[in-house]
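Chains, contacts and geometry: an overview
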Protein chains: 2
Amino acid sequence: MATPAALPLRLYELAFANGRVASPFAWRIRYALAYKGLPFESVPVGFTEIPALFAGRFKTVPILEQGPTALNESWDIALYLDRTFPGTPLLFSNPKELAMVRLFDGWFSGDVLRRWFRLYVLDIYRAVRPEDRAYFRESREARIKGRSLEDFTADREAQLPAVREALAPLRAQLSRYAFLGGDTPNYADFIALGGFHWVASVSTLPPLEHGDSVLRGWLERGFDLYQGIGRDERMRPLFA
Amino acid sequence: MATPAALPLRLYELAFANGRVASPFAWRIRYALAYKGLPFESVPVGFTEIPALFAGRFKTVPILEQGPTALNESWDIALYLDRTFPGTPLLFSNPKELAMVRLFDGWFSGDVLRRWFRLYVLDIYRAVRPEDRAYFRESREARIKGRSLEDFTADREAQLPAVREALAPLRAQLSRYAFLGGDTPNYADFIALGGFHWVASVSTLPPLEHGDSVLRGWLERGFDLYQGIGRDERMRPLFA
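Residues numbered from 1 in each chain as written. Chains lettered and ligands numbered in written order. Predicted model: local features only at pLDDT ≥ 70, side-chain atom pairs only at ≥ 80, totals over all residues. Heavy atoms only, no water.

What about the overall build of chain A?
We apply this condition: We count a stretch as a helix when DSSP gives it H or I for four or more residues in a row; a strand needs E for two or more, and each element gets its number in order from the N terminus. Using C-alpha atoms as the atom set, the radius of gyration is obtained and then compared with a globule rule of 2.2 Å times the number of residues to the power 0.38. Buried residues are those whose accessible area, probed at 1.4 Å on protein chains only, stays under 20% of the maximum for their type, while exposed residues exceed 50% and partly exposed ones sit between those limits. Contacts are assigned to residue pairs with any non-hydrogen atoms lying within 4.5 Å of each other. For the accessible areas, the method is Shrake-Rupley and the probe is 1.4 Å, while residue cover comes only from the protein chains on display. Residues counted as positive are Lys and Arg, residues counted as negative are Asp and Glu, and His and the chain ends are not counted. Every charge is mapped onto a representative atom, which is NZ of Lys, CZ of Arg, CG of Asp or CD of Glu.
Secondary structure assignment for chain A yields nine helices and four strands. Walking chain A from its N terminus toward its C terminus, one meets helices and strands in the order β-α-β-β-β-α-α-α-α-α-α-α-α. Taking 18 Å as the expected radius of gyration for a compact globule of 240 residues, we find that chain A reaches 18 Å, a close match to that expectation. With the principal axes as the frame, chain A shows a C-alpha extent of 60 × 45 × 30 Å. Going through the 240 residues of chain A one by one, you find that 57% of them count as buried. Across chain A, every contact between residues at least 6 apart in sequence was considered, and the portion connecting residues at least 24 apart equals 71%. Here chain A has roughly 10300 Å² of accessible surface; of this, 55% comes from carbon and sulfur atoms. Mean positive and mean negative side-chain charge positions of chain A (30 and 28 charges, respectively) differ by 2 Å.

What follows is the structure, given as structure tokens:
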């Protein structure tokens, strides 16, 4: 019998109309798999296909499937990968690094991703597969208390300076180190790079200033990782 | 000859009129020394005494002195302690934990401490030693572009909800773990607890809501560490 680690990995990932994998959470896992040197089969899905997967067990993707095992929630998947493949480079060297990365995620997902949602939710609507649009509009307008996506994003350019300023902790770190994780990338980089992949998949308003050289250098290094995992001609400009 | 590690430690720390050590940066080091089990002599100083120390070599405290060595900047001091006392518990288990804590500090010092300065600079002015007041007012009013401390803080109550909301990443982490560092505290806890010590030394406006039970539980645990290092009857209420 094959050991669990020997069974192939399949990743169900949100994809947009142009085929690009477009979720910040899927990108974390893509980076994690590449870092660990684990090949996987990608299964691109749209929002409205999720209920048909695994008898409706999951409300969100990414979902990782390996033999009889299927799990979603990107943190659970990351921890599963370290547990199942202890012979590959560990995402978390010890419980302290893990706790610190979770603390970082609390800030990045809670503050930065939320601000980007505010800027880009209409761009996302326009980028999702045609059959997903009605679902996307309805579910997101419910989250923003019934305002239309158009109304919600109408003043987005005025918010841009504050959104750029909110990234100051990344700049402080990247003025000192090549990566958020220090001299080499760690899962904090994968979280943040995943966020930028999401924005770059949809943005019609570059999130960063042209002269933001500290973030530019790190993004170049991050997109180049693992034989250019992040390089894709469909990406839209991140710099004004 | 004594090894460097055997020489006594002296910590020059900012103190207020009531004698309380009142700098968030001094508190980080106090926690670090207690965590490592290292005794030290405290030398309380006022702002205007700093130029007279060490022939004016340092513009800020804390300053750590050990035999012929003197250094300031709390990060340099923390790293010095791990280097000089490798046989005591390490503040940073490896370079990854260190990088992640620095990333946290970028957010906490850059965002949270800055917001608290906005709320409490006039309270600090009133708490510093009488002989430090003129210096404190002049230097801080220069930082805020010549506005008076009174004018700068006049609308502070209106900012309180946003300042409380900015602590959401701490709450997210502390809903999962007992400490920011996980099951046991690490230097991220010492950084954040140090910030609360600073506020508790001066505040006439409690920074937290009465019902903020997640932060309350962590603060109680943090103040109890190392035989109640953080317990002091001069502390002002942190909860409304």
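Here the narrative resumes.
A closer look at the confidence of the model for chain A
As a reminder, the rule being used: Per-residue confidence from the predictor is reported as pLDDT, a score between 0 and 100.
Averaged over all residues, the pLDDT of chain A is 95; the fraction at 70 or higher stands at 98%. Reported for the predicted complex are a pTM of 0.96 and an ipTM of 0.95.

Topic: the nonpolar core
Let me state the cut-off plainly: Throughout this description, the term nonpolar core refers to a set of buried Ala, Val, Leu, Ile, Met, Phe, Trp, Tyr and Cys residues connected via side-chain atoms within 4.5 Å.
One finds Trp116 and Tyr187 of chain A together with Trp116 and Tyr187 of chain B to be the most contacted residues of the largest nonpolar core, which totals 174 residues. When near neighbours in sequence (up to four residues on either side) are disregarded, Trp116 of chain B contacts Phe108, Val163, Leu167, Gly195, Phe196, Trp198, Val199 and Pro207 of chain B.

A short note on the pairing of strand β1 (residues 9-14) of chain B
Residues and elements named next belong to chain B. Defined as follows: Paired strands, in this sense, are two strands between which DSSP finds at least two bridges. Clockwise travel from the first strand over the helix to the second, with the strands pointing away from the viewer, marks a crossover as right-handed.
In terms of burial, β1 is a largely internal element, five of the six residues being buried. The pairing of β1 with strand β3 (residues 63-66) spans four bridges and is classified as antiparallel. Within β3, the residue paired with Leu11 across the bridge is Leu64. Where β1 meets strand β2 (residues 41-45), five bridges bridge the pair, whose relative direction is parallel. Bridge pairing in β2 places Tyr12 opposite Val43. Between the parallel pair β1 and β2, the chain is carried across by helix α1 (residues 24-35), and the sense of this crossover is right-handed.

Some words on the environment of Arg234 of chain A
Residue and element names in this part refer to chain A. Rule in force here: Two N or O atoms count as a polar contact when they lie within 3.5 Å, although within protein this holds only if one can serve as hydrogen donor and the other as acceptor, and sequence-adjacent residues are included solely when both atoms are side-chain atoms.
Within the secondary structure, Arg234 sits in the segment after α9 (213-228). A relative accessible area of 37% means that Arg234 is categorised as partly exposed. As for Arg234 and Gly19, which are separated by 215 residues in sequence, their C-alpha atoms are 9.4 Å apart. If we ignore the near neighbours within four places in the chain, the residues touching Arg234 are Asn18, Gly19, Arg20 and Ala200. Here Asn18 takes part through its backbone oxygen, which lies 2.9 Å from a polar atom of the side chain of Arg234.

Description of the interface of chain A and chain B
Where we set the bar: Once two parts are joined, some of their accessible surface, as seen by a 1.4 Å probe, is lost; buried area is that loss totalled over both. Any carboxyl oxygen of Asp or Glu that lies within 4 Å of a side-chain nitrogen of Lys or Arg is treated as forming a salt bridge with it.
Contact residues are listed per partner, giving 24 residues for chain A and 24 residues for chain B. Summing the contributions of chain A and of chain B, the shared interface buries around 2100 Å²; its carbon and sulfur component is 61%. When residues of chain A are sorted by the area they lose upon contact with chain B, Lys96, Met100 and Leu103 of chain A head the list and together hold 32% of the total. Inspection of the region where chain A meets chain B yields zero salt bridges. Taken together, the links from chain A to chain B amount to 10 residue pairs in polar contact (both at pLDDT 80 or more). Of all the elements, helix α3 (residues 95-127) of chain A adds the most residues to the side of chain A that touches chain B, at 11 residues.

Focus: the packing of aromatic side chains
Definition in use: We call Phe, Tyr and Trp rings a pair once their centres come within 6.5 Å, taking the six-membered ring for Trp, and we label the pair stacked below 30 degrees between planes, edge-to-face above 60, and tilted otherwise. Cation placement over rings: the criterion is NZ of Lys or CZ of Arg within 6 Å of the ring centroid and within 35° of the ring normal.
Taken as a whole, this structure holds 40 aromatic pairs over all chains when the rule is applied. Where Phe108 of chain A meets Trp116 of chain A, the ring centres are 5.9 Å apart and the plane angle is 85°; that geometry is what we call edge-to-face. The exposure classification of Phe108 of chain A matches that of Trp116 of chain A, with both residues buried. Ring geometry for Phe196 of chain A and Trp218 of chain A: centres 5.8 Å apart, planes at 75°, overall edge-to-face. Of this pair, Phe196 of chain A sits in helix α8 (residues 187-202) while Trp218 of chain A sits in helix α9, and the two are 22 residues apart along the sequence. Trp218 of chain A shares its class with Phe196 of chain A; the two are buried. Here the aromatic cluster, defined as three or more aromatic residues joined through ring pairs, consists of Trp27, Tyr31, Tyr35, Trp75, Phe92, Tyr187, Phe190 and Tyr226 of chain A. Note that Arg30 of chain B overlies the ring of Trp27 of chain B, its terminal NZ or CZ placed 5.1 Å from the centroid.

Comments concerning the relation of the copies chain A and chain B
Just so we agree on the cut-off: What sets the superposition is a least-squares fit of C-alpha atoms, and only residues with pLDDT of at least 70 in both copies go into it.
For these two chains of identical sequence, chain A goes onto chain B by a turn of 180° and a shift of 0.0 Å along the axis, with RMSD 0.0 Å. Such values leave the two copies arranged in the relation of a two-fold axis. When each C-alpha of chain A is compared by its distance to the rotation axis, Glu97 of chain A comes out closest, at 2.4 Å. With an isologous cut-off of 70% or more, the 100% of interface residues of chain A that recur at the interface of chain B puts this contact in the isologous class.

Re the environment of Phe190 of chain B
All names here are of chain B. By secondary structure assignment, the location of Phe190 is in helix α8 (residues 187-202). We classify Phe190 as buried; its relative accessible area is 0%. In this structure the C-alpha to C-alpha distance between Phe190 and Arg28, which are 162 residues apart in sequence, comes to 5.0 Å. Setting aside anything within four residues of it in sequence, one finds Phe190 in contact with Arg28, Tyr31, Ala32, Tyr35, Leu91, Pro185, Leu225 and Tyr226.

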